[in-house]
Amino acid sequence: MAIARQLIEVMLDRCKSDDAFESNVTAQDRSAVQKSLESSRMLMGVAHQLMVQPESLTARDGAERLKALLEEIKMAARMAYQAGLLLTGRD
């Protein structure tokens, strides 16, 4: 998982700084790539948190943790949806 997260970060950095990438891809597609990668980064963070179960959470803390993870998933889904809209020209 750490390797996947690192690769996402590398790709995000490349998306923001690579002149060759920027000249070969439209601004709209570049934005879609960036949103897709950021969505992936968020989902990887959620997956990581789910794999690392904290010990001895109270029922209330567990419910709050779940609620926070669901919000992260919603934000990632919205970002992925925005990427799709950019690709179809409906941004």
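Residues numbered from 1 in each chain as written. Predicted model: local features only at pLDDT ≥ 70, side-chain atom pairs only at ≥ 80, totals over all residues. Heavy atoms only, no water.

*Asks:* Explain the overall build of the protein chain here, please?
*Replies:* Helix and strand content of the protein chain: four helices and zero strands. Going residue by residue from the N terminus, the α and β elements of the protein chain occur as α-α-α-α. Computed over C-alpha atoms, the radius of gyration of the protein chain comes to 16 Å, more than 25% over the 12 Å expected from 2.2 N^0.38 for 91 residues, which places it beyond the range of a compact globule. When the backbone C-alpha atoms are referred to their principal axes, the protein chain occupies close to 50 × 30 × 15 Å. Every one of the 91 residues in the protein chain was classed for burial, and the buried ones make up 21%. Across the protein chain, every contact between residues at least 6 apart in sequence was considered, and the portion connecting residues at least 24 apart equals 65%. Counting every atom, the protein chain has about 6500 Å² of accessible surface; 57% of that belongs to carbon and sulfur. (Helix = DSSP H or I, 4+ residues; strand = E, 2+ residues; numbered from the N terminus. Rg over C-alpha atoms; globule rule 2.2 N^0.38 Å. Buried < 20%, exposed > 50% of the residue type's maximum accessible area, 1.4 Å probe, protein only. Contact = heavy atoms within 4.5 Å. Areas by Shrake-Rupley, 256 points an atom, 1.4 Å probe, with all protein chains shown as cover.)

*Asks:* So what exactly am I meant to see when it comes to helix α4 (residues 59–88) here?
*Replies:* Side chains of residues three or four places apart in an α-helix project in the same direction, reflecting 3.6 residues per turn. With 30 residues, α4 ought to run about 44 Å at 1.5 Å a step, and its terminal C-alpha atoms sit 43 Å apart, in line with that. All buried positions along α4 are accounted for by Arg65, Leu69, Ala76, Met79, Ala83 and Leu86. Next to the buried residues of α4 lie α3 (27–51). (Expected span 1.5 Å × (residues − 1).)

*Asks:* Can you help me understand α3 in this one?
*Replies:* The terminal C-alpha atoms of α3, which comprises 25 residues, lie 36 Å apart, in line with the 36 Å expected from a rise of 1.5 Å per residue. Every buried residue belonging to α3 is among Arg30, Ala32, Leu37, Glu38, Ser39, Met42, Met44, Gly45 and Val46, and all of these are buried.

*Asks:* Explanation requested: the side chain of Glu38 in the structure shown.
*Replies:* With respect to the element layout, Glu38 can be found in helix α3. Buried charge Glu38 goes without a salt bridge, the closest partner of opposite sign being Arg41 at 4.3 Å. With residues up to four places along the chain from it excluded, the contact list for Glu38 reads Leu12 and Met79. (Lys, Arg positive; Asp, Glu negative; His and termini not counted. Salt bridge = Lys/Arg side-chain N within 4 Å of Asp/Glu carboxyl O.)

*Asks:* When you look at the environment of Ser17 in this model, what are you seeing that I'm missing?
*Replies:* Mapped onto the elements, Ser17 comes out in helix α1 (residues 2–17). Through-space distance from the C-alpha of Ser17 to that of Leu66 is 36 Å; in sequence the pair is 49 residues apart.

*Asks:* Explanation requested: the confidence of the model for the protein chain in the structure shown.
*Replies:* Caution applies to low-pLDDT parts of the model: their predicted coordinates are not meant to be read in detail. Of the residues in the protein chain, 92% have a pLDDT of 70 or more, and the chain-wide mean is 88. Across the protein chain, the element-wise mean pLDDT spans from 65 in helix α2 (residues 19–24) up to 95 in α4. (pLDDT = per-residue confidence, 0-100.)

*Asks:* Teacher, can you tell me more about a nonpolar patch on the surface here?
*Replies:* On the surface, a cluster of nonpolar side chains totalling about 330 Å² of accessible area is made up of Leu43, Leu66, Leu70 and Ile73. By residue number, the principal contributor to the nonpolar patch is α4, which donates three residues. As for its position among the elements, Ile73 is in helix α4. Overall, Ile73 belongs to the partly exposed group, its relative accessible area being 35%. (Patch = residues over 30% accessible without salt bridge, like charges linked within 9 Å, V, L, I, M, F, W, Y side chains within 5 Å.)

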